[in-house]
Amino acid sequence: MVAAATMSLDEHAFDHAKQAIENAKEAITRAKTSKQDPLLLQCEKELTDAHHQLTETMNHM
């Protein structure tokens, strides 16, 4: 979703991408336990990277 939004430069797509990132972050938070899950940590990193990519593209429009 982020890739499509940054390639299309469509504001509507940016809104959907931002919402998808937020939804995924919330799902990871709900899934976390006291034990650090490597998969969840990787997902968090990828979401952070995707959010950064989206923000940078929006800021340069």
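Note that this is a predicted model, so its numbers are computed, not measured.

Asker: Break down the nonpolar core for me, with residues and values.
Answerer: Core analysis: the largest hydrophobic core is formed by 11 residues, namely V2, A5, A13, F14, A17, I21, I28, L40, L47, A50 and L54. Examining the composition of this core, we find that five residues originate from one element, helix α2 (residues 11–31), more than from any other. What F14 contacts, discounting residues up to four positions off in sequence, is A5, T6, L9, L54, T57, M58 and M61.

Asker: Residues and numbers for the packing of α2 against helix α3 (residues 38–59), please.
Answerer: With their axes 10 Å apart at the nearest point, α2 and α3 run at an angle of 160° to one another. In this view, α2 runs roughly antiparallel relative to α3, as classed from their interaxial angle. Here α2 and α3 pass one another in a crossing that is left-handed. Of the residues in α3, those in contact with F14, A17, K18, I21, A24, K25, I28 and A31 of α2 are L40, C43, E44, L47, A50, H51, L54, T57 and M58. When grouped by side-chain class, the residues that make up the contact of α2 with α3 number 12 nonpolar, two polar and three charged.

Asker: Which residues make up the pattern of salt bridges, and what values do they have?
Answerer: Overall, the coordinates contain two salt bridges when judged by the stated rule. Two residues, K18 and D15, come together in a salt bridge whose shortest N-O distance is 3.9 Å. Taken together, the residues K18 and D15, both in helix α2 and three residues apart, mark about one turn of the helix. For D15, a relative accessible area of 41% gives the class partly exposed.

Asker: Just give me the short version of the side chain of T57, but keep the residues and values in it.
Answerer: When you line up the elements, T57 lands in helix α3. In contact with T57, not counting residues within four places along its chain, are T6, L9 and F14.

Asker: Account for the environment of E44, with residues named and values stated.
Answerer: Among the structural elements, E44 can be located in helix α3. Of the residues examined, E44 reaches a relative accessible area of 26% and is grouped as partly exposed. Spatially, the C-alpha atom of E44 lies 23 Å from that of M7, the residues being 37 residues apart in sequence. Other than its neighbours up to four places away in sequence, E44 contacts I28 and K32.

Thresholds applied
Residues numbered from 1 in each chain as written. Predicted model: local features only at pLDDT ≥ 70, side-chain atom pairs only at ≥ 80, totals over all residues. Heavy atoms only, no water. Core = buried A, V, L, I, M, F, W, Y, C linked by side-chain atoms within 4.5 Å. Buried < 20%, exposed > 50% of the residue type's maximum accessible area, 1.4 Å probe, protein only. Helix = DSSP H or I, 4+ residues; strand = E, 2+ residues; numbered from the N terminus. Contact = heavy atoms within 4.5 Å. Axes fitted to C-alpha atoms, helices over the stretch in contact; angles between N-to-C directions. Parallel < 35°, antiparallel > 145°, perpendicular 65-115°, else oblique. Left-handed = near helix turned anticlockwise from the far one by under 90°. Nonpolar A, V, L, I, M, F, W, Y, C, P; charged D, E, K, R; others polar. Salt bridge = Lys/Arg side-chain N within 4 Å of Asp/Glu carboxyl O.

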